[in-house]
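A structural walkthrough
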Amino acid sequence: MVAAVAVVVVGATTAFFSDTETSTGNTFTAGAIDLKIDFDGYFNKRADRVPNAGSWDEQDLVAGMKFFNFTDLKPGDFGEGTISLHVYDNDAWGRMLIEGVVDSGNTCVDPETEASADADCIGRPVGTPEADGELRENLKFSACLDWGGTPGFQNILANGTSNTAFHDQEEGDNICQTNEPMVITEGTIDQNGETHEFWPALAALWIQNCTDFNVAGANNYGECQGIAQDGRLVGSTTYYLAVNWNLPYATGNEAQSDTLQSTIKFQAVQHRNNPSQTF
Amino acid sequence: MKKIIISGSLIVAVAALVTGATVAFFNDTETSTGNVFTAGSIDLTVDSQGSSYNGNNLAGTNFPSKDLDQEHFFVFEDIKPGDYGLRNISLHAEANPAYACLFIDKKDDQENVIVDPEAEAGDTDTPDGELSQRLQLFAWEDRDGDQRYEPLAPNFEPPLMHDGPSSAPDSFFDITYEIFFDSTSGIGPLIQNNVRHIALAWCAGNQNVVHNNSLGNITCDGSGMGDDSQTDSFEADVVLYAEQVRNNPNFKCEDVVLPQNLED
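Chain B carries the name SipW-cognate class signal peptide in an unreviewed UniProt entry, which gives Candidatus Sungbacteria bacterium RIFCSPHIGHO2_02_FULL_49_20 as its organism.

Written out as structure tokens, the structure reads:
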């Protein structure tokens, strides 16, 4: 302490012209990668802005929020759920995981005991436990990017309000119009679950549709907003993923009373400093 | 020595943690657990309050609601012209609304031996018997369960035959299907918890049904069954078929293709 005082005194005695530039309040604040999800679901009707199979506004998911919850399906049933994803402020890599697939038959009902395609029910008494269901093998899923008539996601601004300067009527309308890209082609859910990374699909769409636009996908909520050259999820963009499912008419009695259950996860991880998409 | 080994492994563990920390990018995961798709079921069960033969109730021919196993609707081993009978059944849709149809399947007419009266009736060499052509059937919805056909007010019991409201009886030989409840019948499908009673009346000979009389007019005239049927036998499966109503607005019994290898 004594030495320090001495230095100050020395300084005061020499009155040179001087100037001081001060940078006050230097701060380091961590950014946030905060994924929020909203949902509209439809069952056995074409989307008409009146969802009849679940709907919630943008939020973090909590227990009990199921995209799909159907208890009495029959051949010919179909449905759609549009999942919208928002990562605020920061760019991120995104992916969807389907985990914990349960393919249960519950118990054998009478028609299953007479269905040759039902190996663990045929010829057995009604009520026999059925470990392996057949609903998973029959239920078909597909998904498109519900980006509307203009490539990219223009409709929702950074502050969450509707874009009045440009509004794409078909964007986020829960219908996969023919010009909207299929990102998951129709098929059944794999027994061991599935991983769908968003960036390869989004990068391919940039090449197809958006090479005249910003490589980072930031286009002031005009055409190609949210579609970046490397396929990242662009911060403060609202993406719409429309998931369609159907139980084909060809589904046989072996699927009666069976259950397909799974967990669906959406993950976002920072884009910056993370070129190899490490989650 | 032991201590040194332990500390060695500790160092390794710490190093691994550090490696993990270097890839801890900011991230967020949103999870929707327990997404469920469960299929419904179409499960038809049948009960019967019993049957009668020439006006007499047959003991022990009733059975409770069940999936059919060894139950026979008709077992008659000495039929003569003018015999008649009635079988009552009730249909239950256990879980979901369903259409229902009747089929006569796996028909098997046997000549057995050609007895003298058959030969005299001109029945000499055909391999198949004639009995199914001489046995006629009429089905209706027996809404009040009294086993009488009451087509007019107040019961308005409809025929359940493939050719509609003023149907004549069909011979078992001619029946492939009869419409119980389909999209064309106009009397609705089976609904769960709503039992539908059906009466099946048969006749050895010519069955005559009057539709414009308020009280059951079904008669059996044995003159339609000649000597060519003597000692013949007829065996067949009576198949009751149910199919989902939802997504199926144009269901017709005539379009049904019965599954192969139906159990007896």
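Here the narrative resumes.
Moving on, we get to the sheet that holds strand S7 (residues 182–187) of chain A. All names here are of chain A. Read from one edge of the open sheet, 6 strands run S2-S1-S4-S9-S6-S7, paired in antiparallel fashion. Each edge of the open sheet is held by one strand with a lone partner, namely strand S2 (55–59) and S7. Pairwise comparison of adjacent strand axes, ignoring direction, gives a mean angle of 15° for this sheet. Direction of pairing for strand S6 (residues 140–145) relative to S7: antiparallel, over a ladder of 3 bridges. Bridge assignment links Ala 143 to a residue of S7, and that residue is Ile 184.

Residue and element names in this part refer to chain A. Applying the stated criterion across every chain yields a total of 17 salt bridges over all chains. Where Asp 103 meets Arg 136, a salt bridge forms, and the shortest distance between an N and an O atom there is 3.3 Å. Of the two residues, Asp 103 sits in strand S5 (residues 92–104) while Arg 136 sits in helix H2 (residues 135–138), which places them 33 residues apart along the sequence. Across the pair, Arg 136 and Asp 103 agree in class, each one buried.

Residue and element names in this part refer to chain A. Following the criterion strictly, the structure yields 5 disulfides over all chains and no others. In this model, Cys 210 is linked to Cys 224 through a disulfide, with the two sulfur atoms separated by 1.9 Å. Where Cys 210 bonds to Cys 224 through sulfur, the torsion about that S-S bond is close to -85°, and the disulfide is left-handed. On the criterion of sequence distance, the pair formed by Cys 210 in the loop between helix H3 (198–209) and strand S9 (238–246) and Cys 224 in the loop between H3 and S9 is long-range, its members being 14 residues apart.

Spatially, the 5 strands line up as an open sheet ordered S3(A)-S1(B)-S10(A)-S5(A)-S8(A), and their pairing is mixed. If you trace the sheet from one side to the other, it starts and ends with strand S3 (69–73) and strand S8 (194–197) of chain A, each paired once. For this sheet, the mean inter-axis angle between neighbouring strands, taken without regard to orientation, is 15°. Sheet topology note: the S5 of chain A/S8 of chain A ladder contains 4 bridges and is antiparallel. Paired with Arg 95 of chain A across the two strands is Glu 197 of chain A, which belongs to S8 of chain A. Across the sheet, H3 of chain A lies against S5, S8 and strand S10 (259–270) of chain A, angled at about 130° from S5 of chain A, the strand it touches most.

On to the interface of chain A and chain B, then. Listed by partner, the interface residues are 54 residues for chain A and 26 residues for chain B. Contact between chain A and chain B buries roughly 3600 Å² in total, counting both sides, with carbon and sulfur atoms accounting for 48%. At the junction of chain A with chain B, the criterion picks out 1 salt bridge. Ionic pairing is found between Arg 246 of chain B and Asp 77 of chain A, a salt bridge with its closest N-O pair at 2.4 Å. Linking chain A with chain B are 34 residue pairs in polar contact (both at pLDDT 80 or more). At the level of elements, strand S1 (35–43), S3 and S10 of chain A are the ones that each hand at least two residues to the side of chain A that touches chain B. The biggest single contributor to the side of chain A that touches chain B is S10 of chain A, with 12 residues. Tallied by class, the residues present in the side of chain A that touches chain B amount to 26 nonpolar, 17 polar and 11 charged. Both S3 of chain A and strand S1 (residues 27–39) of chain B contribute to a ladder of 3 bridges, which runs parallel.

As a further point, take unusual backbone geometry. The amide bond that connects Ala 153 of chain B to the next residue, Pro 154 of chain B, takes the cis arrangement and shows omega of 0°. At Ser 236 of chain A, a position not held by glycine, the phi torsion is positive, near 60°. What makes Ser 236 of chain A buried here is its relative accessible area of 12%. With phi around 65°, Asn 193 of chain B is a residue other than glycine that occupies positive phi space. As for its position among the elements, Asn 193 of chain B is in the loop between strand S9 (177–181) and strand S10 (196–204).

Right, let's talk about the packing of aromatic side chains for a bit. The full count for this structure, using the stated rule, is 30 aromatic pairs over all chains. A centroid spacing of 6.4 Å and a plane angle of 90° characterise the contact between Phe 73 of chain B and Phe 74 of chain B, whose relative ring orientation is edge-to-face. Take Phe 73 of chain B: its relative accessible area is 7%, and that puts it in the buried class. In this structure Phe 74 of chain B comes out as partly exposed when scored by relative accessible area, which is 26%. Taken together, the ring pairs in this structure connect Phe 39, Phe 43, Trp 56, Phe 67, Phe 68, Phe 70, Phe 141, Phe 198, Trp 245 and Phe 266 of chain A together with Phe 37 of chain B into an aromatic cluster. The side chain of Arg 95 of chain A reaches across the aromatic face of Phe 279 of chain A, ending 3.9 Å from its centre.

So, about the confidence of the model for chain B. Residues and elements named next belong to chain B. Summary statistics for chain B give a mean pLDDT of 84 and a share of 88% for residues scoring 70 or more. Long-range and interchain partners of residues 1–21, a stretch whose pLDDT sits below 50, account for 0 contacts in this model, where long-range means more than four residues apart. Scored as a whole, the predicted complex attains pTM 0.80, and scored at its interfaces, ipTM 0.77.

If you look at the biggest cluster of nonpolar residues, it comprises 52 residues, and the most contacted ones within it are Ile 37, Phe 67, Leu 139 and Phe 266 of chain A together with Phe 37 of chain B. The element best represented in this core is S9 of chain A, accounting for 5 residues. With near-sequence residues (within four places) excluded, Phe 37 of chain B lies in contact with Phe 68, Phe 70, Leu 73, Leu 135, Leu 139, Phe 141, Trp 245, Asp 258, Thr 259 and Leu 260 of chain A. Grouped together as the second largest cluster of nonpolar side chains are 38 residues, Ile 42, Val 46, Leu 91 and Leu 137 of chain B included.

Parameters at a glance
Residues numbered from 1 in each chain as written. Chains lettered and ligands numbered in written order. Predicted model: local features only at pLDDT ≥ 70, side-chain atom pairs only at ≥ 80, totals over all residues. Heavy atoms only, no water. Pairing = 2+ DSSP bridges. Helix = DSSP H or I, 4+ residues; strand = E, 2+ residues; numbered from the N terminus. Axes fitted to C-alpha atoms, helices over the stretch in contact; angles between N-to-C directions. Salt bridge = Lys/Arg side-chain N within 4 Å of Asp/Glu carboxyl O. Buried < 20%, exposed > 50% of the residue type's maximum accessible area, 1.4 Å probe, protein only. Disulfide = S-S within 2.5 Å. Contact = heavy atoms within 4.5 Å. Buried area = accessible area lost by both parts, 1.4 Å probe. Polar contact = N/O pair within 3.5 Å; in protein donor to acceptor, adjacent residues only side chain to side chain. Nonpolar A, V, L, I, M, F, W, Y, C, P; charged D, E, K, R; others polar. Phe/Tyr/Trp six-rings, centres within 6.5 Å; stacked < 30°, edge-to-face > 60°. Lys NZ or Arg CZ within 6 Å of the ring centre and 35° of its normal. pLDDT = per-residue confidence, 0-100. Core = buried A, V, L, I, M, F, W, Y, C linked by side-chain atoms within 4.5 Å.

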